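One letter stands for each residue in the lines below.
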Amino acid sequence: RASSGFQTTTILVKGNIENNGLITETNGNIGSQIEIGGNTNTTFSTVENGITNDVSLRINKGNGTNVTALTDIILPNTDYSKLTLTSGNIDMQSNNKLLFIQNPAFDALIGGTVASHVIGKLKRNSNQQRTYEFPVSDNAVSLAKFEVTTTNTNASDWIVEFLPLNPFSNVGLNPGIIDVVTKYAWEVTRSGTTPSNGNFITLFYGSLTTSGVLIPAQLKVVQWNGSSWINLGGNDAGGSVANSLGSTGGAA
């Protein structure tokens with residue numbers, strides 16, 4: 001192990017991780033990380049609060065392989081604890097678990113592609129007026145990234161999950177305003193004592209297996225209010241649609 005400072009100290013694991021105790025760092029070794037590699041599917045389980053101080057997690061497996069979480073994975077709320085997605089996915093969905101990045105810095109998550117993303121629920125803290133990325137999906141071969149740009153530095157919690165089957169896609173339409181809604185949806189939950197608003201959001205559809213987008217020029221962001229769809233407007237950027245929340249748009 002490195003004695004101190006930015007020198008990287010890595011626990012390199014090719015198999016399963018079962019943590020029944022405490023994984024931590026000392027001596028100010030802020031380069032500490034758990035790196036999960038190998039070319040086969042593996043599992044990850046940890047006791048609550050079993051990872052502390054400046055310990056990061058890196059997924060660096062063979063392409064097309066997964067790390068399946070058997071428990072929630074909560075990364076420490078410290079300045080240098082980060083999640084790096086390099087290759088291979090981390091599957092939180094199969095066992096209905098949550099991946100929580102407590103470090104509120106916008107760059108506490110590095111990477112996130114079709115080849116390496118979070119399958120299932122991803123939770124992030126925020127306390128900066130920056131853009132926070134959520135590279136999520138419901139499977140290993142597509143990416144449905146979500147981005148939110150916060151309006152202020154208020155402490156906030158965001159949970160994002162991609163829904164492959166939109167239960168309201170064929171109801172609550174407004175002909176001439178909202179004619180078609182895709183079968184896909186994102187569920188976004190925001191909480192906090194005085195949480196920050198989202199200044200604008202971006203939904204990425206270009207890496208979905210079948211996006212359901214018929215006319216990109218007419219694409220808008222819509223929100224389900226419990227009984228019908230609301231057109232929030234937005235602009236297509238070829239593979240994604242961005243929206244300044246509170247604006248209105250034309251036909252969707």
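Numbers given to residues run from 1 along each chain, matching the order in which its sequence is written. It should be noted that, the model being predicted, local features are given only for residues of pLDDT at least 70 and side-chain atom pairs only at 80 or more, the latter also being counted only at that level, while totals for whole chains, interfaces and linings use all residues. Processing note: side-chain calculations cover all non-hydrogen atoms of the structure and skip hydrogens and water entirely.

**Quick notes on the packing of aromatic side chains**
We count it as follows: Between the rings of Phe, Tyr and Trp (Trp by its six-membered ring), a pair exists once the centres lie within 6.5 Å; its type follows the angle of the planes, with under 30 degrees stacked, over 60 edge-to-face, and the other angles tilted. By the criteria applied, helices consist of DSSP H or I runs no shorter than four residues and strands consist of E runs no shorter than two, each listed in order from the N terminus. When a residue's accessible area, from a 1.4 Å probe over protein chains only, is under 20% of the maximum for its type it is buried; when over 50% it is exposed; and in between it is partly exposed.
Tallied over the full model, the rule gives five aromatic pairs. For the pair Phe-162 and Tyr-184, a centre-to-centre distance of 5.3 Å together with 40° between the ring planes defines the contact as tilted. Placement of the pair is Phe-162 in strand β17 (residues 156–163) and Tyr-184 in the loop between β17 and β18 (185–191), with a sequence separation of 22 residues. Taken individually, Phe-162 and Tyr-184 each receive the classification buried, so the pair is uniform in this respect. With 4.2 Å between their ring centres and 5° between their planes, Phe-168 and Trp-224 make a pair best called stacked.

**With respect to the pattern of salt bridges**
Our working definition: Salt bridge, as applied in this entry: a Lys or Arg side-chain nitrogen positioned within 4 Å of an Asp or Glu carboxyl oxygen.
Evaluation of the coordinates by the stated rule reveals four salt bridges. Its salt-bridge partner being Asp-107, residue Lys-82 comes within 3.8 Å of it at the nearest N-O pair. Taken together, the positions of Lys-82 in the loop between β7 (73–75) and β8 (83–87) and Asp-107 in the loop between β10 (98–101) and β11 (109–111) put the pair 25 residues apart, joining distant regions of the chain. For Asp-107, a relative accessible area of 33% translates into the label partly exposed. Linking Glu-133 and Lys-145 is a salt bridge whose minimum nitrogen-to-oxygen distance equals 3.8 Å. In this pair, Glu-133 is assigned in strand β14 (residues 131–134) and Lys-145 in the loop between β15 (136–137) and β16 (146–150), connecting sequence segments twelve residues apart. Since its relative accessible area comes to 14%, Lys-145 is described here as buried. One connected set of salt bridges, linked through shared partners, spans Glu-133, Lys-145 and Glu-147.

**Structural notes on the sheet that holds β18**
Test applied: Between any two strands, at least two bridges found by DSSP are needed for them to pair. In this analysis, axes come from line fits to C-alpha atoms, helices being fitted only over the stretch in contact, and the angle between any two N-to-C directions falls in the range 0 to 180 degrees.
The five strands are arranged β7-β10-β13-β17-β18 in an open sheet whose pairing can be described as mixed. The open sheet terminates on both sides in strands that have one partner only, identified here as β7 and β18. Between one strand axis and the next, the sheet turns by 15° as a mean value, whatever way the strands run.

**Overview of the side chain of Glu-35**
Threshold: N or O atoms closer than or at 3.5 Å make up a polar contact, with two conditions inside protein: a donor-capable atom paired with an acceptor-capable one, and, for residues adjacent in sequence, both atoms drawn from side chains.
Position of Glu-35 among the secondary structure elements: in strand β3 (residues 33–36). Under the relative-accessibility criterion, Glu-35 is labelled buried at 11%. A distance of 3.3 Å separates polar atoms of two side chains, one belonging to Glu-35 and the other to Arg-58.

**With respect to the nonpolar core**
Inclusion rule: Nonpolar cores are built from buried Ala, Val, Leu, Ile, Met, Phe, Trp, Tyr and Cys residues. Side-chain atoms within 4.5 Å join them into one set. Only heavy atoms enter the contact rule, under which two residues are in contact if any of them lie within 4.5 Å.
Residues Leu-57, Ile-73, Ile-90 and Phe-134 are the most contacted members of the largest nonpolar core, which totals 42 residues. With three residues, β17 is the single largest residue contributor to this core. Each residue touching Leu-57, except ones within four places of it in the same chain, is listed here: Ile-34, Ile-36, Phe-44, Ile-73, Leu-75, Lys-82, Leu-83, Thr-84 and Ile-90.

**Considering a nonpolar patch on the surface**
Going by this rule: Patches here are clusters of residues that have more than 30% relative accessible area and form no salt bridge, with a 9 Å joining cutoff for like charges and a 5 Å cutoff for nonpolar side chains (Val, Leu, Ile, Met, Phe, Trp, Tyr). Surface accessibility follows the Shrake-Rupley procedure with a 1.4 Å probe radius. Residue values consider only the protein chains on display as shielding.
Where nonpolar side chains cluster on the molecular surface, the patch consists of Val-180, Leu-214 and Ile-215 and spans about 310 Å² of accessible area. Topologically, Val-180 is positioned in the loop between β17 and β18.

**As for the sheet that holds β8**
With respect to topology, five strands assemble into an open sheet ordered β1-β3-β5-β8-β11, the strand pairing being parallel. Only two strands of the sheet have a single partner each, and these edge strands are β1 (10–13) and β11. For this sheet, the mean angle separating the axes of adjacent strands, direction not counted, is 15°. Pairing geometry for β1 and β3, over four bridges, is parallel. In the strand pairing of β3, Leu-12 is matched with Glu-35.

**Observations concerning the pairing of β17**
Each regular strand carries side chains that alternate between the two faces of the sheet. Note: strand β13 (residues 121–126) against β17, five bridges, orientation antiparallel. Residue pairing in the sheet places Lys-123 in a bridge with Ile-159 of β17. In terms of strand pairing, β17 meets β18 through seven bridges, oriented antiparallel. Paired with Glu-161 across the two strands is Glu-187, which belongs to β18.

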